[in-house]
Amino acid sequence: MVAAVVVVLVAANVLNNRVAPGAYLVTCAAGAVLVVVLARRDRCSWTALGLARATARRGLRWGGAAIGVVFLGYTIAALIPATRAAFSGDDAARLAGSTLAWNALVKVPLGTVLLEETAFRGALYAMLARRYGVRRAIIGSSALFGLWHVLPALGVARGNAAVARIVGGGPAGTAISVVGVVAGTALAGVVFCELRRRSGSLLAPMGLHWALNGLGFAFVWAVSAATT
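These numbers were taken from a predicted model, which means no experiment stands behind them. (Residues numbered from 1 in each chain as written. Predicted model: local features only at pLDDT ≥ 70, side-chain atom pairs only at ≥ 80, totals over all residues. Heavy atoms only, no water.)

Draft legend 1. Local environment of the overall build of the chain. Regarding its fold elements, the chain presents 11 helices and 0 strands. Reading the secondary structure of the chain in the N-to-C direction produces α-α-α-α-α-α-α-α-α-α-α. In the chain, which comprises 228 residues, the proportion classed as buried is 43%. A fraction of 79% describes how many contacts in the chain between residues 6 or more apart in sequence connect residues 24 or more apart. With the model as given, the accessible surface of the chain reaches about 11400 Å², and the carbon-plus-sulfur share is 70%. (Helix = DSSP H or I, 4+ residues; strand = E, 2+ residues; numbered from the N terminus. Buried < 20%, exposed > 50% of the residue type's maximum accessible area, 1.4 Å probe, protein only. Contact = heavy atoms within 4.5 Å. Areas by Shrake-Rupley, 256 points an atom, 1.4 Å probe, with all protein chains shown as cover.)

What follows is the structure in structure tokens.
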């Protein structure tokens, strides 16, 4: 069943990044449903998946705290000239406000966060933990989460001027940025897993995940608007 979940994720990744990016929300929703169905067929309980009602309130508390920490961190980064360039140098800075709002309030929570948290901190985490224990579940799901970002990482250096200045251009720059993104997202996956473990709910890593991505769009817009 673990292999089946991986196959679903590979298919969703290719669809989202290469074949049908316009159907992103549909693909993510369908993928989230499929991985939950597979995990339930693998005898994972709702509690093991982080979807039990009993832990929802605790998950909301942890998720809310995570959102606050990210907001504070982004605010500090936006106020410091050395880190402010990371916001204004991104391709997202050139998007219209309505598009940024769509990304932050719809695409990220109902697409990215829904599928990735349901799959990596829900289904895969639960299935691996039942077979190999929590520690290996964290390592395994986080490593797969890092690899999940290979395709989108191919365009990171082109889409962010600050990153391009650090890693350079050409194939070497692309390779460095891909390795950096995969390693960084794998480490982020460990943090997400720990939030899921401590809270017992997917709502906690969902809150942090949305904050990192969704608030990122908001700060990109705010910083670019303030400097134009």
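There is more to say, and it comes next.
Draft legend 2. Spatial organisation of the packing of helix H5 (residues 97-132) against helix H11 (residues 203-226). Two elements in contact, H5 and H11, have axes whose closest approach is 9 Å; the angle formed by their N-to-C orientations is 160°. It follows from the interaxial angle that H5 and H11 lie roughly antiparallel. The hand of the H5/H11 crossing is right-handed. Here the residues of the contact of H5 with H11 sort into 11 nonpolar, 7 polar and 3 charged. (Axes fitted to C-alpha atoms, helices over the stretch in contact; angles between N-to-C directions. Parallel < 35°, antiparallel > 145°, perpendicular 65-115°, else oblique. Left-handed = near helix turned anticlockwise from the far one by under 90°. Nonpolar A, V, L, I, M, F, W, Y, C, P; charged D, E, K, R; others polar.)

Draft legend 3. Molecular detail of helix H3 (residues 56-79). If you check H3, its first and last C-alpha atoms are 35 Å apart, about what 24 residues at 1.5 Å a residue would give, namely 34 Å. Within H3, burial applies to Gly59, Gly63, Ala66, Val70, Tyr74, Ala77 and Ala78. (Expected span 1.5 Å × (residues − 1).)

Draft legend 4. Main features of the nonpolar core. Grouped together as the largest cluster of nonpolar side chains are 43 residues, with contacts concentrated most on Leu9 and Phe87. Looking at this core, the elements with two or more residues in it are helix H1 (2-19), helix H2 (24-41), H3, H5, helix H6 (134-148), helix H10 (170-199) and H11. Looking at which element gives the most residues to this core, the answer is H5, with 9 residues. Not counting residues within four places of it along the chain, the set of residues in contact with leucine 9 comprises Leu115, Ala119, Phe120, Leu124 and Trp148. (Core = buried A, V, L, I, M, F, W, Y, C linked by side-chain atoms within 4.5 Å.)

Draft legend 5. Main features of H11. With 24 residues, H11 extends 33 Å from end C-alpha to end C-alpha; this agrees with the ideal 34 Å at 1.5 Å per step. Along H11, the largest kink reaches about 30° and is centred on alanine 211. (Bend = angle between axes of the 7 residues up to and from the residue.)

Draft legend 6. Up close: the packing of aromatic side chains. Tallied over the full model, the rule gives 5 aromatic pairs. Between phenylalanine 71 and phenylalanine 219, the aromatic rings sit 5.6 Å apart at their centres with planes inclined by 65°, giving edge-to-face as the arrangement. Within this pair, whereas phenylalanine 71 is found in helix H3, its partner phenylalanine 219 is found in helix H11, the two being separated by 148 residues in sequence. Residue phenylalanine 71 is classed as partly exposed on the basis of its relative accessible area, which comes to 45%. Consider the rings of tyrosine 74 and phenylalanine 219, whose centres lie 5.5 Å apart with planes at 50°: the pair is tilted. Of the two residues, tyrosine 74 is situated in helix H3 and phenylalanine 219 in helix H11; the sequence distance between them amounts to 145 residues. (Phe/Tyr/Trp six-rings, centres within 6.5 Å; stacked < 30°, edge-to-face > 60°.)

Draft legend 7. Region of interest: a nonpolar patch on the surface. A cluster of nonpolar residues, Val10, Val14, Leu15 and Val19, forms a patch on the protein surface that exposes about 310 Å² of accessible area. Overall, leucine 15 belongs to the partly exposed group, its relative accessible area being 32%. (Patch = residues over 30% accessible without salt bridge, like charges linked within 9 Å, V, L, I, M, F, W, Y side chains within 5 Å. Salt bridge = Lys/Arg side-chain N within 4 Å of Asp/Glu carboxyl O.)

Draft legend 8. Representation of the environment of asparagine 17. Its place among the elements puts asparagine 17 in helix H1. Given a relative accessible area of 27%, asparagine 17 falls into the partly exposed group. Sequence separation of asparagine 17 and proline 152 is 135 residues, and the distance between their C-alpha atoms is 6.7 Å. In contact with asparagine 17, not counting residues within four places along its chain, are Leu151 and Pro152.

Draft legend 9. Region of the structure containing the pattern of salt bridges. On inspection of all chains with the given rule, the structure shows 5 salt bridges. Arginine 130 is the partner of aspartate 42 in a salt bridge, and the nearest nitrogen-oxygen pair spans 2.8 Å. Separated by 88 residues along the polypeptide, aspartate 42 in the loop between H2 and H3 and arginine 130 in helix H5 bring together distant segments of the chain. Under the relative-accessibility criterion, arginine 130 is labelled partly exposed at 39%. Among the salt bridges present, the one from arginine 197 reaches glutamate 194, with a minimum N-O distance of 2.6 Å. Placement of both arginine 197 and glutamate 194 in helix H10 is noted, with a separation of 3 residues, approximately one turn of the helix. Here arginine 197 falls in the partly exposed class, since its relative accessible area comes to 39%. Each member of the salt-bridge network shares a partner with another, and the members are Asp42, Arg130 and Arg131.

Fair warning: the whole summary comes from geometry, so function is off the table for now.
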